[in-house]
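For reference, the chains in residue letters:
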Amino acid sequence: MRSKLFNIKIFENTFASFIIVAVLTIISTFLVSQYITNTQKLFDTFINATNYNNSLYVLGLFASVRIAQILLKQFQTYIEAKLQIVLSSNIQSVFFNNLNPKTITHIETPQFQNDLNTIRYGINNFTQLLLSIISAFQNAILIFIYFSILISQKWYLLLLLISYNLPKLFHEIKLTQFRMQYVENTSDTSRQREMYSEFFTRSEAQKEILIFSMKDYLFKKWSELTHLVNGLELEHKRKDIASSTLVSMVGPIGFMSVQWILLTDVFNKSISVGEYMSILTTIGMLEGSFISLVPFIGKLKNLKDMKFKFDTFFKKYLSETPLYGDYMENITSLNLIEIKKLSFKYPFNENYSLNNIDLNIKSGDVVVIVGDNGSGKSTFAKTILGLHEIQPGHIFFNNIDINRIERSSLYSCMSMVTQDYIKYPFPLLENITLNSEVNKKIDSEFITRFNYLLPKEVEETSNSLLGIDYQGSKQLSGGQWQRIAIARALYKNSSVLVLDEATSAMDPETESRLINDILEMRKKKITIIVTHRLNIVPYASKIIVMQNGKIVEHGTHTELINTKGKYFNMVSSQTNLMEEIDNGYRHVPGVI
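Basis of the calculations
- Residues numbered from 1 in each chain as written.
- Predicted model: local features only at pLDDT ≥ 70, side-chain atom pairs only at ≥ 80, totals over all residues.
- Heavy atoms only, no water.
- Helix = DSSP H or I, 4+ residues; strand = E, 2+ residues; numbered from the N terminus.
- Buried < 20%, exposed > 50% of the residue type's maximum accessible area, 1.4 Å probe, protein only.
- Contact = heavy atoms within 4.5 Å.
- Areas by Shrake-Rupley, 256 points an atom, 1.4 Å probe, with all protein chains shown as cover.
- Pairing = 2+ DSSP bridges.
- Lys, Arg positive; Asp, Glu negative; His and termini not counted.
- Salt bridge = Lys/Arg side-chain N within 4 Å of Asp/Glu carboxyl O.
- Polar contact = N/O pair within 3.5 Å; in protein donor to acceptor, adjacent residues only side chain to side chain.
- Core = buried A, V, L, I, M, F, W, Y, C linked by side-chain atoms within 4.5 Å.
- Phe/Tyr/Trp six-rings, centres within 6.5 Å; stacked < 30°, edge-to-face > 60°.
- Patch = residues over 30% accessible without salt bridge, like charges linked within 9 Å, V, L, I, M, F, W, Y side chains within 5 Å.
- Expected span 1.5 Å × (residues − 1).
- Arc of directions from axis to C-beta.

A. A look at the overall build of the protein chain. In terms of helices and strands, the protein chain carries 16 helices and 10 strands. The 592 residues of the protein chain split such that 43% are buried. In the protein chain, of all internal contacts separated by at least 6 residues, the share reaching a separation of at least 24 is 76%. About 32700 Å² of surface is accessible on the protein chain, with carbon and sulfur atoms providing 57% of the total.

B. How the structure looks around the sheet that holds strand 4 (residues 395-397). Taken together, the 4 strands give an open sheet; going across it, the order is 2-1-4-5, and neighbouring strands pair in antiparallel fashion. The open sheet has two free edges, formed respectively by strand 2 (354-362) and strand 5 (400-401), since each of these has just one partner strand. One ladder, built from 2 bridges, connects strand 4 with strand 5; its direction is antiparallel. Residue pairing in the sheet places Phe-397 in a bridge with Ile-400 of strand 5.

C. Structural view of the environment of Phe-380. Examined against the element boundaries, Phe-380 turns out to sit in helix 9 (residues 377-384). Taking the relative accessible area as the measure of exposure, Phe-380 reaches 0% and is therefore buried. Along the primary structure Phe-380 and Met-546 are separated by 166 residues, whereas in three dimensions their C-alpha atoms are 9.6 Å apart. Among all residues touching Phe-380, those that are not within four sequence positions of it are Ile-339, Leu-342, Leu-354, Ile-357, Leu-359, Ile-369, Met-546 and Ile-551.

D. Representation of the side chain of Asp-401 within the structure. Positionally, Asp-401 belongs in strand 5. Here Asp-401 is buried and forms no salt bridge, its nearest opposite-charge partner Arg-404 lying at an N-O distance of 6.5 Å. In this structure the side chain of Asp-401 is engaged in a polar contact, spanning 2.8 Å, whose partner is the backbone nitrogen of Asn-403.

E. Structural detail: the nonpolar core. Membership of the largest hydrophobic core comes to 50 residues, with the highest contact counts inside it found for Leu-262, Ile-283 and Phe-313. At the level of secondary structure, the elements contributing two or more residues to this core comprise helix 1 (15-48), helix 2 (52-98), helix 3 (110-201), helix 6 (250-267), helix 7 (273-301) and helix 8 (303-317). Per-element accounting of this core gives the leading share, 20 residues, to helix 3. In this structure, Leu-262 is in contact with Leu-157, Ile-271, Tyr-276, Ile-279, Leu-280 and Ile-283, ignoring residues within four places of it in sequence.

F. Quick look at the packing of aromatic side chains. For the coordinates displayed, the defined rule picks out 12 aromatic pairs. Residues Phe-200 and Phe-219 carry aromatic rings whose centres are separated by 6.5 Å and whose planes lie at 70 degrees to one another, so their mutual orientation is edge-to-face. With Phe-200 in helix 3 and Phe-219 in helix 5 (residues 215-248), this pair connects stretches of sequence that are 19 residues apart. Exposure remark for Phe-200: the relative accessible area of 26% places this residue in the partly exposed category. Seen in terms of ring centroids, Phe-446 and Tyr-491 are 5.4 Å apart; in terms of plane orientation they differ by 90 degrees. Their pairing is edge-to-face.

G. Molecular detail of the pattern of salt bridges. Enumeration over the complete set of coordinates arrives at 11 salt bridges. Between Asp-358 and Lys-341 there is a salt bridge, and its shortest N-O distance comes to 3.6 Å. A residue pair is termed long-range when its members are at least 10 positions apart, and Asp-358 in strand 2 and Lys-341 in strand 1 (residues 336-344) qualify at 17 residues. Taken together, the salt bridges that share partners define one network made up of Glu-235, Arg-238 and Lys-239.

H. Representation of a nonpolar patch on the surface in the model. Together, Ile-151, Trp-155, Tyr-156 and Leu-159 make up an exposed nonpolar region whose accessible area comes to about 440 Å². Checked against the element boundaries, Ile-151 lands in helix 3.

I. Structural detail: helix 6. For helix 6, with 18 residues, the first-to-last C-alpha span of 26 Å sits near the 26 Å given by 1.5 Å per residue. Those residues of helix 6 that fall on the buried side of the exposure criterion are Gly-251, Gly-254, Val-258, Gln-259, Leu-262, Asp-265 and Val-266. End-on view of helix 6: buried residues confined to an arc of 140 degrees, all on one side of the axis. With respect to the buried face of helix 6, the exposed residues turned more than 90 degrees away are Ile-253, Met-256, Trp-260 and Phe-267. Of the residues one or two after helix 6, Lys-269 is the one with positive phi, at around 65 degrees.

J. Fine view of the pairing of strand 1. Across 6 bridges, the pairing between strand 1 and strand 2 is antiparallel. Across the sheet, the residue bridging to Phe-344 is Leu-354, located in strand 2. Alignment of strand 1 against strand 4, held across 3 bridges, turns out to be antiparallel. Note on strand 4: the bridge partner recorded for Glu-338 is Phe-396.

Nothing here speaks to function; it is all geometry.
Dropping the structure here:
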């Protein structure tokens, strides 16, 4: 499988910057060689003290090279910062473009969130790897130059340097893998702590924190998780530092050996003090370049594992492999839904949420699904929308198995309002149309028809963001947000509309008006309503009663009332409640 993330698009608008940095790198390496040469000349000139003017000349050259290095470094830092910004944006763009799941079955699991957390860590490492390519290139050139200088002066020192620096390389490769494993092992616990941290800052949570006086409880939960995460992190750091310290101890021993050899040569008059300083400077810079290169090599060695994790992630959650080969049907409208012996359970769950369901729905049907909490209503609605992975032979749209249909074309025929609809921080019309390019004619007709769904305090043409998250945004009530979600679903005007408790925050008068408008608008389309509020059911052409993931009753309102089963009991319960309210229970002492 070709990698989704590792492609040429991540380098868009970066080639010029890479070339500039590469040229600067070459110039910088030349200046480094001049710096080393001038260092030797400067010390020999000072020690010999034979020509004052020549000493000043060498000092001027030394200072000029150093100033040039600083100026080039600052310019290179700016170009590298620009590269970082562009590369980070490109990588996120490629990732988000490919993050295109066909269903939500495996997305709604803790495992997905843990895997996603690992992928984010991998993306950060990958970004850092790309950004360090230039630096690695520069260090590689410098190492080559330093190698050349040392070979021409004291070749055996090169062997000594390699012998005590190689352990750092092997250790860094092992450490990179160790850190990745730590992220994978602690992802779930870290996410829990972040969730509790968000409760303290999210405006939506403050109401319950205040009313239920639960700050101490939340703080205790957060503290326990923080203590656990900190303990794991400190243990990880302890092992990291302990192994790094052990490896680092080799360096001073090796360096002292080099110093002993060089000082012996100085006292034996084999080399001058200037040569001693030049070699020492070369060794110091060589070690610095090697130490800078080691993390890059570690990340590069880990690149294969990272690529495998990326590809596994996309294959596991975003697989595009069809069950029936390469050919997939595209549909533009829906007039028939057939469900045969459908059973479904969520990943990592032993119990089935839906059991052996049969149902046919055709154009013009208004299907109302009722049942107790946890009976499977919402899950059933999501399967009808095509949001879950279903085995072949159980759901058919227009007589075509769902697994033979291109999901994007199926979704183009669907619209919905779920209980957990999103409150987008967009202007009003964009919140409804989900498009910044507004079709004024269509929008005008839609707004005229459903103007009661729009908040009166926000003008239709307003560019103010909705919500409470940003400066100048317009705050709305829960009921107003729900109406906007309904308007969004109706605006799409799709073949199938699913309303899952979509009118729970709506007053009865507005709810009745909305249902009548929907039915008038969608006479030849499929409308599915999931609800607890049985005042809606008289509008239904078909009522489905669910219990424990099964359809226990189905029919019209009159048919189910005459059956005197589950539906009859539900209606009777709500009717008795309304009668109790109408009969004046407010007269009970203590009740207002």
